[in-house]
Amino acid sequence: MRPYESVAVGLLLVAGDGTVIEADATAENLLGADPAAPSPLRTADLGLPDALFSRPPGRGVLLHRDGGDGAARWLLAAARPVRLGGETARALVLADVTDVISDLNKYEGFFSNAVEGIFQSSPRGRFLDVNPALAHILGYDDPEDMIATLTDLRSELYVDPADRDAFLAQLAEKDVVTGLETRFYRKDRSVKWISQAARVVRDDRGEVRYIEGLNIDITARKKAEEAYNDILERYRTIVTGSIDGVILCGPAGEILTANPETERIFGLSEADLALVGLSGVIDDAEGARAEALAALGRTGKFRGELTGIHSAGAVVPLEVSASGFPHKDGASHAVWIVRDVTERKQAESVLRENEEKFRRTFDQSPIGASILSLDYRFLRVNDALCRITGYAASELLERSMLEVTHPDDVPETIRWAERLLAGEFDRYEIDKRYVRQDGGTVWVHLSVRLIRDVAGRPLYFMPMVQDVTERIKAEAEMRALLGEKESLRLNLEAVFRAIPDAIVVVDTAMRVVRTNRGLTDVCFLTGGSGTGEMGATGQQVVSGACRRGCFSALRETLATREPLIEYRVECRGQSPGRVVVVNSMPLTGESGEFVGAVLIIRDITRLANLEKRLTDLHSHQGIIGKSKAMRDIYPVLDQLAEVDTTVLITGESGTGKELAAEAIHYGGPRAKKPLVKVNCSALSDELLGSELFGHVRGAFTGAIRDKVGRFEAAQGGAIFLDEIGDMSARLQLGLLRVLESKEFERVGEARTRKADVRVIAATNVDLPSRIKAGLFRADLYYRLRVVQVRLPPLRDRAEDIPLLSDHFMRQFAASFGKAISRLSAEAMAVIMAYPWPGNVRELKYAMEHACVLCPQGEITPAHLPRELLAPPLLPAGAEPPPPRRGGLSREMVLEALAACGNNRSRAARRLGVDRRTLYRNMARLGID
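Since this is a predicted model, take the numbers as computed values, not measurements.

Rules behind the numbers
Residues numbered from 1 in each chain as written. Predicted model: local features only at pLDDT ≥ 70, side-chain atom pairs only at ≥ 80, totals over all residues. Heavy atoms only, no water. Helix = DSSP H or I, 4+ residues; strand = E, 2+ residues; numbered from the N terminus. Rg over C-alpha atoms; globule rule 2.2 N^0.38 Å. Buried < 20%, exposed > 50% of the residue type's maximum accessible area, 1.4 Å probe, protein only. Lys, Arg positive; Asp, Glu negative; His and termini not counted. Charge placed at Lys NZ, Arg CZ, Asp CG, Glu CD. Salt bridge = Lys/Arg side-chain N within 4 Å of Asp/Glu carboxyl O. Patch = residues over 30% accessible without salt bridge, like charges linked within 9 Å, V, L, I, M, F, W, Y side chains within 5 Å. Areas by Shrake-Rupley, 256 points an atom, 1.4 Å probe, with all protein chains shown as cover. Contact = heavy atoms within 4.5 Å. Core = buried A, V, L, I, M, F, W, Y, C linked by side-chain atoms within 4.5 Å. pLDDT = per-residue confidence, 0-100. Phe/Tyr/Trp six-rings, centres within 6.5 Å; stacked < 30°, edge-to-face > 60°. Lys NZ or Arg CZ within 6 Å of the ring centre and 35° of its normal. Pairing = 2+ DSSP bridges. Axes fitted to C-alpha atoms, helices over the stretch in contact; angles between N-to-C directions. Expected span 1.5 Å × (residues − 1). Arc of directions from axis to C-beta.

Comments concerning the overall build of the chain
- The helix and strand inventory of the chain stands at 34 helices and 36 strands.
- Taking 30 Å as the expected radius of gyration for a compact globule of 928 residues, we find that the chain reaches 56 Å, considerably beyond that expectation.
- Dimensions of the chain, computed from C-alpha atoms along their principal axes, come out at roughly 180 × 100 × 70 Å.
- Counting every position in the chain, which comprises 928 residues, the buried fraction comes to 38%.
- Across the chain, 120 positive and 130 negative side-chain charges occur, with their mean positions spaced 10 Å apart.

Written as structure tokens, this is what we have:
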């Protein structure tokens, strides 16, 4: 029970003279009166002051009494006049408030001594009471000073008045506020961070009496948070903007965080890096990553070079610095700093290469070269300088350059060197004399450059010495030749006029000095007299619709004094579609001064058109066909073009094996290198071996000079071996060696040569059958057949016949200059019905035959070859006879021609060879 809920109250009735008329037991007990006393009690005897009775009614007095046990007692007394029997008396009420006063003292002690700020404020926001701690926090002398000074808490105390509004709004809604952090102005207008807690105190009717609360100074914590956030932000800024990759790793090598540079180095996002961990981005070749982790575990540090793995598969050399640190979870973590040193490695490699080139160039230069200290002593010399001076290298390294200089030339040599050191120029050149070791004199041309360090400080001289003794003699002879100069000039003028390329010569101000007749032929323009002047844009030489794109080369040469070689320009003015190649070169006068430039324009329109046609031809789209069989082959050709592997192309004669080989070669990385083609069935064994591998002089009868073989000619590119099935066993063994070891030897030579050549082979025969017959090596077959491409015969892709017919018709019509529009329906029906045993090649020659006979308009059956109208029937499942090896005899050819009614195409098929081979053998055997 709270003290104020149980208070002892006594009542006394006192006469006007202070005599106690009546008192209840509680009053007597509170006043310590003796009920057994004989005389009447008086107020003075009870210790009641007279002032108690003079106070206004209802206004009490707090009385201090000593208790019987020595403890203090507090009484609250109040008197009110009453009428008693016509006399005025006073009714006195006494209340024991000792416990209440004790609790008030405790509250006052807590309020005054609390280290947190405590306050009471009115509902309108005026402080009613504050404790000393709050006054101290806000810089006031005492609580009274603070209460008197602050009249409007919203504007005078809160840095942000909206915080006060939020505080009151929350109180109005919930009657309580906790943990509201805001800023208060101190008396000196400095700012403190305060954490507020408050509640509303209401009376029995629910009306607001006052607001009480607690204010805690959290300024130190806020400053610490701001400092921490500032440090954290700086750390993030440094890590994010770091030129090095920064990785935070867990104890098992898992990646926890990574900065943008790390993402760039490995080509993975931070999330992907977290998935793969260190093992996914650091190569462990030869245990390098494991050693790094072990060193990190032992010493807490690692520094060295490792190999990174980019997401694209590229290898990234890394310079790594890692350090471990303890983590709150107990397991050690680590920070890895990784730097991509690819460019540095490349630079180091280039530097080593350049140093090696410099050393070789220096030592092997035909011009005398040396390095001199700043006091002219030889530090390094090459063999050419030793030959010029007659000294051994060891003898020169013991001497000064001045010791081998002719005495009369020493002063001038020193003057030039001093001017070079003073920075008047970067290099100087003079003619001087050296005294040789045997006492003779040699004239030299000396070119000296001063080498400085990166700070510009001189390091050493680098003289280049050229023996010009013969030049001195030649100058005398030159004077004797001056008479021939004019004749030579006239000859050059004639050559200048005769050159078919357009030539324009300008001076340094872009004024035309001379043009030739070729300007009219190439540009369809007239250059005037050839010696006229023009403005800076060249309008007097090239006018009208010409855009003068060629003259940009001249302007660049005049600006840089450097040549511009093979600059291609497409005319877009009065000669649209014309393509020219421009060469612009600087001109120097007799004394070496820059005097202008010369522009040479060559028309390469026809060459550009041929290049375009060749580019179109070398794509696999040049293989015409829309059938499924061909559409299945196209992606295979594309895939084979990208890899460097051996390919075997099979199919009947005339199916386009050579075109497939070209598509593979020209679609791949070797396209810029040669594709060398060899027909293995067209040559004897001796000639084929020489053709493939080359021979040396005297290797066999008729070998009068060295010959480069096809493999050597195809170096870096590809070789196409057609009709590979006709190759002899000896050559098969040589080819197998090339495929296995990439090496070969010329015929008659023991030297082994490297063959960086891709092999594409083709055949129209059944190689497995030849293997069973002992005519072809099985190991070579399996080595050739890494990937096999089988081209279908034309009869298996009949839907391609109209496309091919139309293509060949247009091709030959354009070649013959005829206006042939199409094939008639009847002719197309004949073509579609024919079985085409000769495949695409036979179709091509049939269309050539038709275009020769057709004058114009459309091709009819009458224009087609006669054999197409009555085609030979192939038995179901029958295969053409296999091609023969070792050449055809006269009897075999005559027999085949007779059996086929002198039809050479059918005779070739009967003999198992193509038509060209039959023609070649007929010419060899003298058969008409």
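Further notes follow.
Notes on the pattern of salt bridges
- Using the criterion set out here, one finds 46 salt bridges in the structure.
- Put simply, Asp 175 and Arg 202 hold a salt bridge, and the shortest N to O gap is 2.9 Å. Here Asp 175, found in the loop between α7 (161–174) and β8 (176–185), pairs with Arg 202, found in strand β9 (residues 191–202); they are 27 residues apart in sequence, far enough to count as distant.
- Residue class for Arg 202 comes out partly exposed when judged on its relative accessible area of 37%.
- Residue Arg 770 is joined to Asp 726 by a salt bridge in which the shortest nitrogen-to-oxygen separation is 4.0 Å.

Quick word on a nonpolar patch on the surface
- There is a patch of nonpolar side chains on the surface, built from Val 7, Val 9, Leu 11 and Val 93 and spanning about 300 Å² of accessible area.
- Within the element layout of this structure, Leu 11 appears in strand β1 (residues 9–14).
- Residue Leu 11 is classed as partly exposed on the basis of its relative accessible area, which comes to 46%.

Observations regarding the side chain of Thr 557
- Within the secondary structure, Thr 557 sits in helix α20 (residues 551–560).
- For Thr 557, a relative accessible area of 0% puts it in the buried group.
- Once you skip the residues sitting within four places of it in the chain, Thr 557 turns out to touch Glu 562, Leu 564, Ser 584, Met 585, Pro 586, Phe 594 and Ala 597.

Comments concerning the nonpolar core
- Grouped together as the largest cluster of nonpolar side chains are 29 residues, with contacts concentrated most on Leu 692, Phe 711, Ile 719, Leu 721 and Ile 724.
- For this core, the secondary-structure elements that each account for two or more residues are β27 (675–679), α24 (685–693), β30 (718–722), α26 (729–741), β33 (758–763) and α28 (778–784).
- With residues near it in sequence (within four places) discarded, Leu 721 still touches Val 678, Cys 680, Leu 692, Leu 735, Val 759, Ile 760, Ala 761 and Ala 762.
- Formed by 24 residues, the second largest nonpolar core is a distinct cluster that contains Phe 812, Ala 827, Ala 846 and Leu 864.

Concerning the confidence of the model for the chain
- Averaged over the chain, the pLDDT score is 83; the fraction of residues at 70 or greater is 90%.
- Averaged over each element, pLDDT in the chain is lowest for helix α21 (residues 605–617) (62) and highest for strand β26 (residues 647–650) (94).
- Below pLDDT 50 for its whole length, residues 614–619 participates in five contacts with residues either more than four positions away or in separate chains.

Details of the packing of aromatic side chains
- Counted by the stated rule, this structure contains twelve aromatic pairs.
- With a centroid separation of 4.8 Å and 80° between ring planes, the pair formed by Tyr 158 and Phe 184 is classed as edge-to-face. Placement of the pair is Tyr 158 in the loop between α6 (153–156) and α7 and Phe 184 in strand β8, with a sequence separation of 26 residues. Residues Tyr 158 and Phe 184 agree in their burial class; the two are buried.
- Joined through ring pairs, the aromatic side chains of Trp 416, Phe 425 and Tyr 428 make up one cluster.
- It is Arg 189 that lies over the ring of Tyr 185; its NZ or CZ is 3.7 Å from the centre.
- Seen from the ring of Trp 193, Lys 222 lies directly overhead, with NZ or CZ sitting 4.5 Å from the centre.

Section: the environment of Asp 284
- Tracing the sequence through the fold places Asp 284 in the loop between α10 (270–281) and α11 (288–299).
- Separated by 23 residues in sequence, Asp 284 and Thr 307 have C-alpha atoms that sit 8.0 Å apart.
- Excluding residues within four positions of it along the chain, Asp 284 makes contact with Arg 289 and Ala 290.

Focus: the pairing of strand β16 (residues 368–372)
- Burial analysis of β16 places five of its five residues in the buried class, the great majority of the element.
- Residues Gly 368, Ser 370 and Leu 372 point to one face of β16 and Ala 369 and Ile 371 to the other, with burial holding for every one of them.
- As paired strands, β16 and strand β20 (residues 458–467) are joined by three bridges and run antiparallel to one another. Paired with Leu 372 across the strands is Phe 461, a residue of β20.
- In the sheet, β16 pairs with strand β17 (residues 378–381) via three bridges, with the strands oriented antiparallel. Its bridge partner being in β17, Ser 370 is matched across the sheet by Val 381.

Structural notes on the sheet that holds β8
- An order of β7-β6-β10-β9-β8 is seen for the five strands of this open sheet, with the pairing classed as antiparallel. Two strands bound the open sheet, and with one partner strand each, they are β7 (127–130) and β8. On average, adjacent strands in this sheet sit at an angle of 30° to one another, irrespective of strand direction.
- Two strands pair when backbone bridges link them, and β9 and strand β10 (residues 208–217) are joined in this way by nine bridges, in the antiparallel orientation. Along β10, the bridge assignment pairs Gln 196 with Asn 215.
- Across the sheet, α7 touches β6 (117–121), β8, β9 and β10, and the angle it forms with β8 is around 165°.
- With respect to the sheet, helix α8 (residues 219–240) is in contact with β8, β9 and β10, its orientation differing from that of β9 by roughly 130°.

Here's the deal with helix α16 (residues 410–421)
- The terminal C-alpha atoms of α16, which comprises twelve residues, lie 17 Å apart, in line with the 16 Å expected from a rise of 1.5 Å per residue.
- Three or more residues of α16 are buried, namely Val 410, Thr 413, Ala 417 and Leu 420. Viewed end-on, α16 has its buried residues packed into an arc of 90°, placing them on one side of the element.
- If you follow the buried residues of α16, they end up packed against α15 (401–404), β18 (427–435), β19 (441–452) and β20.
- Just past α16, the residue Gly 423 takes up positive phi, approximately 85°.

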